[in-house]
Amino acid sequence: VTDFSTGNPVAGATVTASVAGGTAKSVTTGADGTYTIDKLPASTAYVVRVEMTGYATAAQSSVAVVVGAVTTGVDFALVPVAQTGSISGKVTEADGVTAIAGAKVTATSGDVAVTVITAADGTYQIDGLVPATDYMVAVDASALGFVPDWQTGVTVTAGVITPNINFSLNAV
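On a predicted model such as this, the values are computed, not experimentally measured, just so you know.

Engineer: Requested: an account of the overall build of the chain, with residues and values cited.
Structural biologist: Along the chain, the regular secondary structure elements total 0 helices and 14 strands. Listed N to C, the secondary structure of the chain is β-β-β-β-β-β-β-β-β-β-β-β-β-β in terms of helices and strands. Principal-axis analysis of the C-alpha atoms gives the chain an extent of 55 × 35 × 25 Å. Going through the 172 residues of the chain one by one, you find that 35% of them count as buried. In the chain, once contacts between residues fewer than 6 apart in sequence are set aside, the share between residues at least 24 apart is 51%.

Engineer: Account for the sheet that holds strand 12 (residues 149–156), with residues named and values stated.
Structural biologist: The 4 strands lie next to each other as 9-8-11-12, forming an open sheet whose pairing is antiparallel. Either end of the sheet is taken by a strand with one partner, and the two such strands are strand 9 (112–117) and strand 12. Each adjacent strand pair in this sheet contributes to an overall mean axis angle of 25°, direction not counted. Pairing of strand 11 (residues 132–140) with strand 12, which is carried by 5 bridges, proceeds in the antiparallel orientation. In the sheet register, Ala132 faces strand 12, and the bridge partner there is Val156.

Cut-off values and rules
- Residues numbered from 1 in each chain as written.
- Predicted model: local features only at pLDDT ≥ 70, side-chain atom pairs only at ≥ 80, totals over all residues.
- Heavy atoms only, no water.
- Helix = DSSP H or I, 4+ residues; strand = E, 2+ residues; numbered from the N terminus.
- Buried < 20%, exposed > 50% of the residue type's maximum accessible area, 1.4 Å probe, protein only.
- Contact = heavy atoms within 4.5 Å.
- Pairing = 2+ DSSP bridges.
- Axes fitted to C-alpha atoms, helices over the stretch in contact; angles between N-to-C directions.

Everything listed is a geometric property; what it means functionally is a separate question.
Here you go:
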């Protein structure tokens with residue numbers, strides 16, 4: 001695990017390998033940025049995620065683990081938060097006015113997904129996103145009685161909050 005800007009190793013990052021409905025195991029990177037996660041059951045569906053204060057979260061999916069073999073090449077270059085951007089908006093009922101508090105809003109690009117919960121006034125802000133032009137922003141308030149919705153092609157720029165990624169949800 002290295003710093004995207006400098007190429008230097010990132011020590012102390014948390015690396016987690018998980019598979020849906022099963023195993024999850026975490027380790028911390030060493031001073032040289034390396035990590036080893038031992039004794040994982042075989043699967044072709046691991047998601048390996050790296051988190052470190054001051055950096056955007058990074059992930060790789062569909063990582064294969066074979067019994068008796070070492071999986072290599074699952075490397076990460078973490079982007080410093082100072083080089084990340086944000087998305088903000090508001091979630092309302094179909095009338096465009098009545099706020100929906102407690103809705104889950106998720107921004108996804110590649111293998112990384114970041115989720116926040118809307119505030120009492122329906123607003124949200126998702127910080128620490130790596131710049132890209134292909135974010136899908138989805139809102140799920142189904143537990144609150146609303147039909148989920150999403151927007152694609154949302155652009156995130158370093159040092160900028162992309163505003164007005166708003167949603168007006170229909171009742172179920």
